[in-house]
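Topology and contacts: notes
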Amino acid sequence: MLHIINPANGQLIEGLPEDTPEGIREKHAAARTAQPAWAARPLEERAQIIRAFRASLEAQQDTLARTLSSEMGKPVSQAAGEVKGTLGRIDFFLENAARSLAPEPLLDTEAGGGTAEEITHEPLGVIANISAWNYPYFVGSNVFVPALLAGNAVLYKPSEHSTLTGRAIARLLHAAGVPREVFALIVGGGAAGAALLELPLDGIFFTGSYATGRKIAEAAARQLTKVQLELGGKDPAYVTDDVNVQAAAEGLADGAFYNTGQSCCAVERIYVHEAVYDTFVDAFVETVRGFSIGDPDVEGTYIGPLAREPQLAVLEAQVKDALDKGATLKLGGKRMERAGYYFEPTVLVDVDHSMRVMSEESFGPIIGIQKVSSDEEAAQLMADTPYGLTAGVYARGSERARSILAQLRTGSSYWNCCDRVSPRLPWSGRGHSGLGLTLSTYGIQTFTHPRAWHLRQPA
Ligand code: NAD
């Protein structure tokens, strides 16, 4: 039985029966049988079904946001923002599917001396979509919407911390017309995910931690199938000496603490030029002090509980380690004395890279701010990580920002912004932040195999 706990008060919301390995095998076999007929339907029919799904998401967004908020503690206004943002992503996929999936005639018989060449984009087949809990609508729909549009069957395992949302997504997709065999919900934790990966799959699309990502890659290697991994980060931002410090502080405080710091692309390290360091730290701390902490189901709450209780001890250990090594606590630093998994928004200064808070993913409301004396020093420190999801530079001129960002091996680069994802742009990590990509038109084609056609006229 999977126990769904409300992280705001530690109380049981619901117990759900988990899928057994036998049940997962049956869903896999049914998906295998149903997929060719789904792929054979015209794209427009599949698009019509996704449009109906989008319409019910929109109609039920308030209820869906409340469900998400209750099971993982996301403040309800941010949960509503996520559902609304998902509508925009679905629109992007709907607008670009036909173009991205269309056959590409590249050479005609006249130019090719009797031989034509063409690419067709064929669905992979049956894929696994194993998902994280922090943005279940975003990270789920980045996969299952384009995958279904492209004609795949999807075995969808939401995180054990966002299963009610996963169940709601499955219900809405089925009601919209996706056959139950073509989109199958798998309920459970790591064991259910591992059982799924024992079955023959045509693609594995995973969002989660680096540690689990390695296991997923090993499972994919055993059956030699396509694998995509969207993993964690330790994303840096640098504030140069020529910007509006107040605006940078407010933008970065939001980038570090939105979703209670539990974003894969949350700002996790800040470097500030010494010329503006003191002013920046004061403005940053004042901004964070103004965040409203409380019950996630209250409209004005900005910081809610952590989704997972064990993460409280991880954050406490990072604070202790930093203080033991000479950091100064400007704000917060401990779990809150109230029911639920609350941690005070925490700002540490006088930090360096010997401290875990500057090297390990925190995934919570905690940030270290380090002083630097030049762009070169900032670039060197920003690059000092095995992760490579995003990085940002706050600077007046784009050339200065671009030349720093170009030195870093990341999937996304930000000039005067942070913690931002666009459906038009590819979302990817490098190094320990992952393999492959979602979003953009590449993120539609990634659910297909490009078949090469060599077509010679008869002699
Ligand atoms: P997690 O790795 O603990 O779990 C992710 C999923 O994997 C869950 O569904 C879980 O049940 C499943 N799982 C666990 N063990 C498994 C196994 N052995 N085999 C198969 N499946 C298994 O991660 P999480 O706590 O859900 O998510 C937080 C992490 O996700 C953070 O590191 C965050 O940065 C990352 N993340 C990355 C992105 C991105 O786009 N790069 C987006 C969101 C979250």
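To start, this report covers the structure provided alongside it. Note that the structure is predicted; figures quoted are calculated from it, not measured.

Counting secondary structure elements, the chain contains 14 helices and 20 strands. Its C-alpha radius of gyration of 23 Å places the chain within 12% of the 23 Å reference for a compact globule of 459 residues. The principal-axis extents of the C-alpha atoms in the chain amount to approximately 75 × 55 × 40 Å. A burial count over the chain gives 56% of its 459 residues as buried. For the chain, contacts bridging at least 24 residues in sequence account for 71% of all contacts bridging at least 6. Total accessible area on the chain stands at roughly 18600 Å², and carbon and sulfur atoms take up 52% of it. Once the 41 positive and 54 negative side-chain charges of the chain are each reduced to a mean point, those two points are 3 Å apart.

Of the voids in this model, the second largest pocket is the one considered here, and its volume is about 380 Å³. At the level of secondary structure, the elements contributing two or more residues to the lining of the second largest pocket comprise α13 (398-405) and β16 (412-415). Split into classes, the residues belonging to the lining of the second largest pocket amount to ten nonpolar, five polar and two charged.

This part covers the site of the ligand. By nearness alone, 30 residues border the ligand, and E160, S209, T212, L231 and E361 come closest of all. At 3.4 Å from a nitrogen atom of the ligand is found a main-chain nitrogen or oxygen belonging to A194. L231 places a polar main-chain atom, nitrogen or oxygen, 2.8 Å from a nitrogen atom of the ligand. When the ligand sits alone it has 860 Å² of accessible area, and the protein chains cover 90% of it. Contributions of two or more residues to the shell around the ligand are made by α7 (190-196), β8 (203-207) and α8 (210-223). Partitioned by chemical class, the residues of the shell around the ligand number 14 nonpolar, eleven polar and five charged.

The rules behind each value
- Residues numbered from 1 in each chain as written.
- Predicted model: local features only at pLDDT ≥ 70, side-chain atom pairs only at ≥ 80, totals over all residues.
- Heavy atoms only, no water.
- Helix = DSSP H or I, 4+ residues; strand = E, 2+ residues; numbered from the N terminus.
- Rg over C-alpha atoms; globule rule 2.2 N^0.38 Å.
- Buried < 20%, exposed > 50% of the residue type's maximum accessible area, 1.4 Å probe, protein only.
- Contact = heavy atoms within 4.5 Å.
- Areas by Shrake-Rupley, 256 points an atom, 1.4 Å probe, with all protein chains shown as cover.
- Lys, Arg positive; Asp, Glu negative; His and termini not counted.
- Charge placed at Lys NZ, Arg CZ, Asp CG, Glu CD.
- 1 Å grid on protein atoms, 1.4 Å probe; cavity = no way out; pocket = protein on both sides within 12 Å on 5 of 7 lines; lining within 4 Å.
- Points joined across faces, edges and corners; volume = space filled by probe spheres on them.
- Nonpolar A, V, L, I, M, F, W, Y, C, P; charged D, E, K, R; others polar.
- Near = heavy atom within 4 Å.
- Polar contact = N/O pair within 3.5 Å; in protein donor to acceptor, adjacent residues only side chain to side chain.

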